[in-house]
Amino acid sequence: MSGWVPAFLLGMASAVVLETGLGLLLFVSPGLLPALTGLLSVALGSDALGLASVREPSGGQGGSRWPWFLAALSLIVAAFLSLGWSFQGTGVPETAWGRGTQMALLLALPLYGIGACLGTVARRRSGGRVGAAVAAGGAVGVTTLGILLLPRFEPFSVYLFCVLCVALAALGLAGSERRRIGDFPLKALGERDPWSLETLEP
């Protein structure tokens, strides 16, 4: 999988989570403009914190797996929390404590996890392609949600779609890292594949 694909998928997931969370939470907020301001501040702040939370691996290769587990787990929790809800506000509690919990679990925590994954991708992929891929993925995500997902699926299925995006991004990044690490041994061993079973034989 090409190096820009994980960033594209994570950008798509971020946009879908943002629009889905706004669609659910704005129905239980007292005013559109104040609610939109607060929700966007929380969403973008969570994404920025996630991007800044990833540290360089100490060994020089590989990296921490916790952003991927956090992103997938938070999206699954959001999916189950949204069970029984609709984009018309059906089944959404309206207490102040309930709004805070909803904002944290439907919007802030998933975007923090996806932001941490994007930080991992950005540290392993230098150059301008990562930013462009995230922006393109966000545009495609908003379009996909508005045209394909919203008319046909409930929020539960939309969050699971984001879990799929994160899983595919993780697989794509792992595959590209494996190819990158394998470049040097291939040349040093005369084009023998260091990952094949033949190299394990005495």
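See the structure printed just above.
Report on the accompanying structure. Residue numbering note: each chain is counted from 1, following its sequence as written. Owing to the predicted nature of the model, reporting of local features is limited to residues with pLDDT of at least 70; listing and counting of side-chain atom pairs is limited to 80 or more, with chain, interface and lining totals taken over all residues. No hydrogens and no water enter the side-chain calculation; it runs on all heavy atoms of the structure.

## A word on the packing of aromatic side chains
Point 1. Side-chain rings of Phe, Tyr and Trp, where Trp is taken by its six-membered ring, are said to pair if the distance between their centres is within 6.5 Å; with planes under 30 degrees apart they count as stacked, over 60 as edge-to-face, and otherwise as tilted. The tally for this structure, following the rule as stated, stands at 2 aromatic pairs.
Point 2. Ring centres of Phe80 and Phe156 lie 5.4 Å apart, and the angle between their planes is 75°; this geometry places the pair in the edge-to-face category. Residue Phe80 is located in helix α3 (residues 66-81), and its partner Phe156 is located in helix α6 (residues 155-188); the two are separated by 76 residues in the primary sequence.
Point 3. Only protein chains enter the accessibility calculation, which uses a 1.4 Å probe; a residue is then buried when its area is under 20% of its type maximum, exposed when over 50%, and partly exposed in between. Among the residues examined, Phe156 registers a relative accessible area of 21% and is labelled partly exposed. Here a helix means four or more residues in a row that DSSP labels H or I, a strand means two or more in a row labelled E, and each is numbered from the N terminus.

## Here's the deal with the environment of Gly50
Point 1. Residue position: Gly50 is located in helix α2 (residues 32-53).
Point 2. Since its relative accessible area comes to 0%, Gly50 is described here as buried.
Point 3. With 66 residues separating them along the chain, Gly50 and Ala116 place their C-alpha atoms 4.1 Å apart.
Point 4. Only heavy atoms matter for contacts: two residues are in contact if any of them lie within 4.5 Å across the pair. Setting aside its immediate chain neighbours within four residues, Gly50 contacts Tyr112, Gly115 and Ala116.

## Here we look at the nonpolar core
Point 1. Among the nonpolar cores identified, the biggest contains 38 residues, and Leu10, Val17, Trp68, Leu75, Ile114, Tyr159 and Val166 are the most heavily contacted of them.
Point 2. Among the secondary structure elements, those contributing two or more residues to this core are α1 (4-25), α2, α3, α4 (96-124), α5 (129-152) and α6.
Point 3. Broken down by element, the residue count for this core peaks at 12 residues, all from α1.
Point 4. If we ignore the near neighbours within four places in the chain, the residues touching Trp68 are Leu10, Cys117, Thr120, Val121, Val166, Ala169, Ala170 and Leu173. Put simply, a nonpolar core is a bunch of buried Ala, Val, Leu, Ile, Met, Phe, Trp, Tyr and Cys residues held in one set by side-chain atoms that sit within 4.5 Å of each other.

## Brief notes about a nonpolar patch on the surface
Point 1. Candidate patch residues must exceed 30% relative accessible area and have no salt bridge, after which like charges are joined if within 9 Å and Val, Leu, Ile, Met, Phe, Trp or Tyr side chains if within 5 Å. Only the protein chains shown count as cover for residues, and the accessible areas themselves come from Shrake-Rupley with a 1.4 Å probe. Note on definitions: salt bridges are taken to be side-chain nitrogens of Lys or Arg within 4 Å of carboxyl oxygens of Asp or Glu. A contiguous nonpolar patch, built from Ile76, Phe80, Leu83 and Leu160 and spanning about 350 Å² of accessible area, is present on the exposed surface.
Point 2. Relative to the helices and strands, Leu83 is located in the loop between α3 and α4.

## Here we look at the packing of α1 against α5
Point 1. To define axes, lines are fitted to C-alpha atoms, for helices over the stretch in contact only, and angles between the resulting N-to-C directions are given on a 0 to 180 degree scale. Across the interface, α1 lies against α5 with an axial gap of 6 Å and an inter-helix angle of 45°. Taken together, the axes of α1 and α5 lie oblique to each other. Judged by the sense of rotation from one axis to the other, the crossing of α1 with α5 is right-handed. Taking contact as the criterion, the partners of Trp4, Ala7, Phe8, Gly11, Met12, Ala15, Val16, Glu19 and Thr20 in α1 are, on α5, Arg129, Val130, Ala133, Val134, Ala136, Gly137, Gly138, Val140, Gly141, Val142, Leu145 and Leu150. Working rule for angles: under 35 degrees goes down as roughly parallel, over 145 as roughly antiparallel, 65 to 115 as roughly perpendicular, anything else as oblique. Handedness of a crossing follows from how the near helix is turned relative to the far one, being left-handed for an anticlockwise turn of less than a right angle and right-handed for a clockwise one.

## Here's the deal with the state of the cysteines
Point 1. Any cysteine sulfur atom paired with another within 2.5 Å is treated as part of a disulfide. With the rule as written, the count across this model stands at 0 disulfides.
Point 2. We note that Cys162 lacks a disulfide partner, and the nearest cysteine sulfur, in Cys165, lies 5.9 Å from it.
Point 3. In this structure Cys162 comes out as buried when scored by relative accessible area, which is 1%.
Point 4. In this structure Cys165 comes out as buried when scored by relative accessible area, which is 3%.

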